[in-house]
Amino acid sequence: MLTKGKWLEFLDVMDEMFPDAHCELVHENPFELTIATLLSAQCTDALVNRVTKDLFQKYKTPQDYLNVEIEELQNDIRSIGLYRNKAKNIQLLCQRLIDEYNGEIPANREALVTLPGVGRKTANVVLSVAFDIPAMAVDTHVERITKRLGLCRWKDSVLEVEETIMKKTPIERWSRAHHQMIFFGRYHCKAQNPQCHICPLLSDCREGQKRLKKGLVKL
DNA sequence: ATCCCGAGGG
DNA sequence: CCCTCTGGAT
């Protein structure tokens, strides 16, 4: 397993590689961020931004999303995967905001995760980015990287991964580390063909060493 | 465990 | 062709 010291060294490397990593989902308020994050499930954020550019011009308030037929909303987000579920969840979410939260996104996890289409990961993104409340969102990149490095076990649940990262990371660093891991996972520690040959962490990485011995790392 | 589900990269 | 993308609900 990776020691806490090695983990902190990893975070320092992230600071060098991605000094200003930040949320790349384009948004102007908590409501837009929630919609964008909901749309980002199993989808690149570049594609989300392409869709929300027009979407956020057309729909400003929760009521705006309820004033159109579901088919029209589906069409507006069709280029994103899972568009039927996402369109339905957006309208259900908007109705709940109006009925129970005065049309505003609530700033606490318990309320957020009850919203349609909003799970723990999305809630943590909204808390952290929109409200500056410390939270660690575990997405596909964060899970893959922490397990490859050996900070977490392969069998760990996403909740266990979240707890481990929070325990071993200074709280003021949670948000930055989250976005740095997204960049690192997207461009270096990719799901396919990870760039182990140029990775500064190869000597400390459990998966990297494994791939090295298998001859999968071309130096 | 399975379904949803289009765009992009290899 | 295949796999992956800032997951969530059943």
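The rules behind each value
Residues numbered from 1 in each chain as written. Chains lettered and ligands numbered in written order. Predicted model: local features only at pLDDT ≥ 70, side-chain atom pairs only at ≥ 80, totals over all residues. Heavy atoms only, no water. UniProt positions renumbered as here; feature names shortened; annotations may be inferred. Helix = DSSP H or I, 4+ residues; strand = E, 2+ residues; numbered from the N terminus. Near = heavy atom within 4 Å. Polar contact = N/O pair within 3.5 Å; in protein donor to acceptor, adjacent residues only side chain to side chain. Salt bridge = Lys/Arg side-chain N within 4 Å of Asp/Glu carboxyl O. Buried < 20%, exposed > 50% of the residue type's maximum accessible area, 1.4 Å probe, protein only. Core = buried A, V, L, I, M, F, W, Y, C linked by side-chain atoms within 4.5 Å. Domains from an automatic or database assignment. Contact = heavy atoms within 4.5 Å. Buried area = accessible area lost by both parts, 1.4 Å probe. Nonpolar A, V, L, I, M, F, W, Y, C, P; charged D, E, K, R; others polar.

- If you check an unreviewed UniProt entry, chain A appears there as Endonuclease III from Lysinibacillus odysseyi 34hs-1 = NBRC 100172.
- Per UniProt, chain A has the following entry under Catalytic activity (unreviewed entry): "2'-deoxyribonucleotide-(2'-deoxyribose 5'-phosphate)-2'-deoxyribonucleotide-DNA = a 3'-end 2'-deoxyribonucleotide-(2,3-dehydro-2,3-deoxyribose 5'-phosphate)-DNA + a 5'-end 5'-phospho-2'-deoxyribonucleoside-DNA + H(+)".
- Reading the Sequence similarities (unreviewed entry) entry of the UniProt record for chain A gives the comment "Belongs to the Nth/MutY family."

**Brief notes about the UniProt feature "domain: HhH-GPD" (unreviewed entry) in chain A**
Here comes step 1: Feature annotation in UniProt places "domain: HhH-GPD" (unreviewed entry) on residues 39-187, given in this structure's numbering.
Here comes step 2: In residues 39-187, the share of helix is 64% and the share of strand is 0%. The end C-alpha atoms are 21 Å apart.

**Observations concerning the protein's contact with DNA strand B**
Here comes step 1: Every residue lining DNA strand B is accounted for by Gln 42, Leu 47, Arg 50, Arg 78, Ser 79, Ile 80, Gly 81, Leu 82, Tyr 83, Arg 84, Asn 85 and Asn 193.
Here comes step 2: Restricting the count to atoms of DNA strand B within 4 Å of the protein gives a sugar and phosphate share of 62%.
Here comes step 3: Backbone polar atom of Leu 82 to a sugar or linking oxygen of DNA strand B: 2.6 Å apart, as the coordinates give it.
Here comes step 4: One of the side-chain nitrogen or oxygen atoms of Arg 84 is found 2.3 Å away from a phosphate oxygen of DNA strand B.
Here comes step 5: For the surface near DNA strand B, the elements supplying multiple residues, two or more each, are helix H3 (45-58) and helix H6 (83-100).

**Structural notes on the pattern of salt bridges**
Here comes step 1: The tally for this structure, following the rule as stated, stands at twelve salt bridges.
Here comes step 2: For the salt bridge of Arg 173 with Asp 15, the shortest nitrogen-to-oxygen distance reads 3.0 Å. Residue Arg 173 is found in the loop between helix H10 (158-168) and helix H11 (174-187), and its partner Asp 15 is found in helix H1 (residues 4-17); the two are separated by 158 residues along the sequence.
Here comes step 3: Judged by its relative accessible area of 23%, Asp 15 is partly exposed.
Here comes step 4: Across the salt bridge formed by Lys 58 and Asp 76, the nearest N and O atoms sit 2.9 Å from each other. With Lys 58 in helix H3 and Asp 76 in helix H5 (residues 70-76), this residue pair connects regions lying 18 residues apart in the sequence.
Here comes step 5: Its relative accessible area of 39% is what places Lys 58 among the partly exposed residues.
Here comes step 6: Via salt bridges that share partners, Asp 12, Asp 15, Arg 173 and Arg 176 belong to a single interconnected network.

**Remarks on the nonpolar core**
Among soluble globular proteins, nonpolar side chains are generally buried collectively.
Here comes step 1: Of all hydrophobic cores here, the largest spans 34 residues; its most connected members are Leu 55 and Tyr 65.
Here comes step 2: Every element with two or more residues in this core is listed here: helix H2 (30-39), H3, H6 and helix H8 (120-131).
Here comes step 3: If you look at the next biggest cluster of nonpolar residues, it comprises 25 residues, including Trp 7, Val 13, Ile 145 and Leu 151.

**Brief notes about unusual backbone geometry**
Here comes step 1: One non-glycine residue with positive phi stands out, namely Leu 82, at about 60 degrees.
Here comes step 2: Although it is not a glycine, Asn 193 sits at a positive phi angle of roughly 45 degrees.
Here comes step 3: In this structure, Asn 193 sits in the loop between H11 and helix H12 (206-213).

**Points about the domain arrangement of chain A**
Here comes step 1: The domain boundaries assigned to chain A delineate domain 1 (4-21 + 137-213) and domain 2 (30-131).
Here comes step 2: Relative to domain 2, the C-alpha centre of domain 1 lies at a distance of 28 Å.
Here comes step 3: Listed per partner, the contact involves nine residues of domain 1 and eight residues of domain 2.
Here comes step 4: Taking both partners together, domain 1 and domain 2 bury about 560 Å²; carbon and sulfur atoms supply 50% of that area.
Here comes step 5: Note that Arg 186 and Asp 45 form a salt bridge whose closest N and O atoms lie 3.1 Å from each other.
Here comes step 6: Run the count over domain 1 and domain 2 and you get four residue pairs in polar contact (both at pLDDT 80 or more).
Here comes step 7: Of all the secondary-structure elements, those providing two or more residues to the side of domain 1 that touches domain 2 are H10 and H11.

**Let's talk about the protein's contact with DNA strand C**
Here comes step 1: Near DNA strand C, the surroundings consist of 28 residues, among which Asp 45, Lys 121, Thr 122, His 141 and Arg 144 are the closest.
Here comes step 2: Taken together, the sugar and phosphate atoms account for 65% of what DNA strand C places within 4 Å of the protein.
Here comes step 3: The contact in question runs from a phosphate oxygen of DNA strand C to an N or O atom on the backbone of Asp 45, over 2.9 Å.
Here comes step 4: Looking at the surface near DNA strand C, the elements with two or more residues in it are H8, helix H9 (140-149) and H11.
Here comes step 5: Of the residues assigned to the surface near DNA strand C, the class counts are ten nonpolar, eleven polar and seven charged.

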